[in-house]
Amino acid sequence: MFDNITARLSEIFRKLGRKAKLSKKDVEKGLKDIRLALLEADVNYKVVKEFIARLEKSATGERVLKSFTPGETLLKVVYEELRDFLSTKKKIEIKADGRPGVVMLIGLQGSGKTTTAVKLANFLRKKGKRSLLVPCDLKRPAAVEQLKIMAEQNNLSFYEIKEKTVVKIGKGALESAKKECLTPVILDTAGRLHIDDVMLEELVQLKKLLSPKEVLLVLDSMTGQDAVNIGLEFQKKVDFDGTVLTKMDGDARGGAALSLKYVTGKPIKLIGTGERPDDLELFHADRMASRILGMGDISTLIERAEEVIDKEEAEEAAKKFKEDRFTLEDFRKQIKMVKKLGPLEKLAGMIPGMKSMGQMDVDDDAIKRIEAIINSMTVDERGNPKVINGSRRKRIAIGSGTTVREVNRLLKDFEMMKKMMKQFSKGKIGFPFPGK
Ligand SMILES: Nc1nc2c(ncn2[C@@H]2O[C@H](COP(=O)(O)OP(=O)(O)O)[C@@H](O)[C@H]2O)c(=O)[nH]1
Ligand SMILES: [Mg+2]
């Protein structure tokens, strides 16, 4: 997410950060660089103009120029402007209550409506809501089947359609949801490759009849400025409450995310960050601004961790570190937990400073090899790695399809990590992230 623009901006701030004092000229040069970085990220030029104009006002004032740490202060100013630029100031929420509440997803074909419908139902389930997924795409029979299969895979309620028109399906689904006390009803509507009047008319009718609490326009972030134009086109005919930006995990340059709220005036409410049914996040302008600037997103990381990590086990592990009882078996358990968080590459952007450090040398493949090595050890060896001598190392390497060098490295790293964690748990070293 935002790889290029984040790298560019980090570089700009790194250069400015080296100076003890910033002149007005330095700041102006910095703003010029930021402007270029935004344009290259495919942000609409009008949006860039407006954003830079706002920055000029706040960045060339005394707060930055007279600061003792001007680079940091400037970064803070840019962060605040970016955050305000991305947000509508209202709290972002998905209205899912009612008898039943109705959430309607609209958008072009391939934008990610069906996937988002399932993700949203999953997302709401974590908040105690039981959704009903309703296929409203009669043009493509495969579309109904796709939603049905995904609903089944995720154990979600699905509305079996008997009706022949979309409007009747809507009515029927509402009745059914009422009976079964499900809310919200999530409507996965039909999309076309291009916006056309027939599609828009169908959406308008459906909206009129079901008065959804939430109409969300789903847009593919990979289409950059096009996503923004599509947003404007839809807005002319069907009023929506917010947007969902999908495929943010791809190599989108970020333009859509940065322009969308400004151009449509509607909040981005959700972002899709992968193909898995859990890859959906509520949009937080502050966190997004932080990610774009390479400052990381610790809040999201912690929330994710809390969802998948067993608190008791984590506490137990911390205790073991302290008492020097942490074994390779414990390590293996931890790896399993961390893997549930998602691909490491995705987590990297949430860790402050990680993006600007360039390539991380821990990737998912490396993790798999580490697991294989530990799996090839006996229980004794995991509990007490000191017994792993040369011949055992050879056996483990063969068993795990790795090399003795890799086994050596893992054992060495493990000892190092144990030492480091012991220091942390004794409070000798501060929080491992810069700026905290
Ligand atoms: N990587 C990634 N792929 C996504 C995301 N959302 C949707 N997709 C993919 O985009 C394609 C189209 O999605 P679909 O939900 O069928 O679009 P629809 O035609 O609007 O219903 C599918 O291959 C999805 O797996 C996302 O957030 N990240
Ligand atoms: Mg679909």
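Conventions adopted
- Residues numbered from 1 in each chain as written.
- Chains lettered and ligands numbered in written order.
- Predicted model: local features only at pLDDT ≥ 70, side-chain atom pairs only at ≥ 80, totals over all residues.
- Pairing = 2+ DSSP bridges.
- Helix = DSSP H or I, 4+ residues; strand = E, 2+ residues; numbered from the N terminus.
- Contact = placed C-beta atoms within 7 Å.
- Axes fitted to C-alpha atoms, helices over the stretch in contact; angles between N-to-C directions.
- Domains from an automatic or database assignment.
- Core = buried A, V, L, I, M, F, W, Y, C linked by C-beta atoms within 7 Å.
- Buried ≥ 20, exposed ≤ 12 C-beta atoms within 10 Å, placed from the backbone.
- Expected span 1.5 Å × (residues − 1).
- Arc of directions from axis to C-beta.

Engineer: How should the sheet that holds strand β8 (residues 280–282) be read in this particular structure?
Structural biologist: Strand order in the open sheet made by the eight strands is β3-β2-β4-β1-β5-β6-β7-β8, with mixed pairing throughout. Only two strands of the sheet have a single neighbouring strand rather than two, namely β3 (157–158) and β8. Pairing analysis gives five bridges linking strand β2 (residues 132–136) to strand β4 (residues 185–189), with the strands arranged parallel. Bridge pairing in β4 links Pro135 to Asp188. Along the sheet, helix α6 (residues 113–125) contacts β1 (102–106), β2, β4, β5 (214–220), β6 (242–246), β7 (268–272) and β8; its crossing angle with β4, the most-contacted strand, is approximately 170 degrees. Running at roughly 165 degrees to β2, helix α7 (residues 141–153) makes contact with β2, β3 and β4 of the sheet.

Engineer: Looking at this structure, how should I read the domain arrangement of the protein chain?
Structural biologist: Where interface size is given, it is often the accessible area lost as the parts come together that is meant. Along its sequence, the protein chain is carved into domain 1 (3–86), domain 2 (102–295) and domain 3 (302–425). Taking only C-alpha atoms into account, the centre of domain 1 sits 34 Å from that of domain 2. Taken together, the contacts link 20 residues of domain 1 with 21 residues of domain 2. For the side of domain 1 that touches domain 2, the elements supplying multiple residues, two or more each, are α1 (3–17), α3 (45–59) and α5 (70–86).

Engineer: Sorry, what's going on with the nonpolar core here?
Structural biologist: Proteins that are soluble and globular tend to have nonpolar side chains buried together. Counting 94 residues, the largest nonpolar core has Val103, Leu133, Val134 and Ile186 as its most contacted members. Shared between two domains, this core holds at least three residues of each, these being domain 1 (3–86) and domain 2 (102–295). Setting aside chain neighbours within four positions, we find Ile186 in contact with Val103, Leu105, Ala117, Leu120, Ala121, Ser131, Leu132, Leu133 and Val134. Counting residues in each nonpolar core, the second largest holds nine residues, with Leu328, Ile373, Ile374 and Leu410 among its members.

Engineer: So what exactly am I meant to see when it comes to helix α9 (residues 197–210) here?
Structural biologist: Because each turn of an α-helix spans 3.6 residues, side chains separated by three or four positions in sequence point in the same direction. Compared with the 20 Å implied by 1.5 Å per residue over 14 residues, the 20 Å span of α9 between its first and last C-alpha is a close match. Of the residues making up α9, those classed as buried are Met199, Leu203, Leu206, Lys207 and Leu210. Down the axis of α9, the smallest arc covering the buried residues is 100 degrees, so these residues share one side. Facing away from the buried side of α9 by over 90 degrees, the exposed positions are Asp197, Val198, Glu201 and Lys208. In the segment just after α9, Ser211 is the residue with positive phi, at about 30 degrees.

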